[in-house]
Amino acid sequence: VYDRLVAQREAFPLERVYVHTDAEDYLQGDRIWLKGYLMDEVAHTPVDSTLYLYAELFDKEGTLIRRVKILRRQGAFSGYLDIPEDMPSGEAFIRAYTRYMAAAPETAFTKRIAVGRDLVRDVASPRDNGGLTVKRRPHGFQLRYPSKDYQYLLVMRGGEIVFLESVGRG
């Protein structure tokens, strides 16, 4: 019996998909960047038994919005899902799976996200922020600092300064 179980396990490994996204909150029209990894569920080692990962975007009602097929390259699956401009606002979720996993949908990877132009979210800031408030808006962020003096806005990406300007009150 043991030999048969080992043979079955080698022929049909237990796959588990893990997916990272570039954010948790999105706006209509945004692109969700994905990176997925396929692992053996028991041994926690990479599995290269499949060539494609399927990723799907669902709205809050569970309606399928988009599906993409992502090719494995160098041990990982990298791709994206575009959010349609007319997608309803609210909670949504991403599901990712392989063809082998499609027979058992409960094994698929799922992640909840928020989508919406009307969603304005406070962004976490340090406790002693001097009154600085940051809100996510449809076309970027709104920063407010209650001061009569000028302040400077510094934006860095990958350790490089990409923007430095003085900003006035409000």
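Residues numbered from 1 in each chain as written. Predicted model: local features only at pLDDT ≥ 70, side-chain atom pairs only at ≥ 80, totals over all residues. Heavy atoms only, no water.

A closer look at the side chain of Thr98
Point 1. Along the chain, the position of Thr98 falls in the loop between β7 (90-97) and β8 (109-115).
Point 2. Once you skip the residues sitting within four places of it in the chain, Thr98 turns out to touch Glu15, Val17, Leu38, Thr50, Tyr52, Leu53 and Tyr54. (Helix = DSSP H or I, 4+ residues; strand = E, 2+ residues; numbered from the N terminus. Contact = heavy atoms within 4.5 Å.)

Concerning the packing of aromatic side chains
Here a ring pair, both rings aromatic, is described through the centre-centre distance and the interplanar angle of the planes.
Point 1. Enumeration over the complete set of coordinates arrives at three aromatic pairs.
Point 2. Judged by centre distance (5.7 Å) and plane angle (20 degrees), the rings of Tyr54 and Tyr97 are stacked. Here Tyr54, found in strand β4 (residues 52-58), pairs with Tyr97, found in strand β7; they are 43 residues apart in sequence, far enough to count as distant. You'll find Tyr54 and Tyr97 in the same group, each marked buried.
Point 3. Seen from the ring of Tyr80, Arg31 lies directly overhead, with NZ or CZ sitting 3.7 Å from the centre.
Point 4. For the cation-ring pair, Lys69 lies above Tyr52, with the distance from its terminal atom to the ring centre recorded as 4.4 Å. (Phe/Tyr/Trp six-rings, centres within 6.5 Å; stacked < 30°, edge-to-face > 60°. Buried < 20%, exposed > 50% of the residue type's maximum accessible area, 1.4 Å probe, protein only. Lys NZ or Arg CZ within 6 Å of the ring centre and 35° of its normal.)

Points about the pattern of salt bridges
Point 1. The tally for this structure, following the rule as stated, stands at five salt bridges.
Point 2. The salt bridge partner of Arg67 is Glu56, with a shortest N-O separation of 2.7 Å. Remark: Glu56 occurs in strand β4 and Arg67 occurs in strand β5 (residues 64-73); sequence separation between them is eleven residues.
Point 3. On the accessibility criterion, Glu56 (0% relative accessible area) is buried.
Point 4. Of the charged contacts in the structure, one is a salt bridge between Glu56 and Arg95, with a shortest N-O distance of 2.7 Å. Residue Glu56 is found in strand β4, and its partner Arg95 is found in strand β7; the two are separated by 39 residues along the sequence.
Point 5. The class of Arg95 is partly exposed, set by a relative accessible area of 25%.
Point 6. Sharing partners across several salt bridges, the network here consists of Glu56, Arg67 and Arg95. (Salt bridge = Lys/Arg side-chain N within 4 Å of Asp/Glu carboxyl O.)

Topic: the sheet that holds β7
Within a beta sheet, neighbouring strands are joined by backbone hydrogen bonds and run either parallel or antiparallel to one another.
Point 1. On the basis of which strands lie adjacent, the open sheet formed by eight strands has the order β1-β3-β6-β5-β4-β7-β8-β2 and mixed pairing. Taken across any chain shown, the strands that pair with only one partner, and hence form the sheet edges, are β1 (15-21) and β2 (25-26).
Point 2. Across five bridges, β4 lies against β7 in antiparallel orientation. Considered in β7, the bridge of Leu57 is made with Ile94. (Pairing = 2+ DSSP bridges.)

Some details on the environment of Gly90
Point 1. Relative to the helices and strands, Gly90 resides in strand β7.
Point 2. For the pair Gly90 and Val115, spaced 25 residues apart in sequence, the C-alpha separation works out to 5.4 Å.
Point 3. Look past the residues within four positions of Gly90 in its chain and what remains in contact with it is Lys60, Ile113, Ala114 and Val115.

As for the pairing of strand β3 (residues 31-40)
Point 1. As defined by bridge partners, β1 adjoins β3 across seven bridges and the pair is classed as antiparallel. Across the sheet, the residue bridging to Thr21 is Leu34, located in β3.
Point 2. Where β3 meets strand β6 (residues 76-82), six bridges bridge the pair, whose relative direction is antiparallel. Across the sheet, the residue bridging to Arg31 is Asp82, located in β6.

Some details on the side chain of Gln28
Point 1. Positionally, Gln28 belongs in the loop between β2 and β3.
Point 2. Within the local environment of Gln28, its side chain forms a polar contact with the side chain of Ser89, the two groups lying 3.1 Å apart. (Polar contact = N/O pair within 3.5 Å; in protein donor to acceptor, adjacent residues only side chain to side chain.)

Bear in mind that shape data such as this cannot, by itself, settle questions of function.
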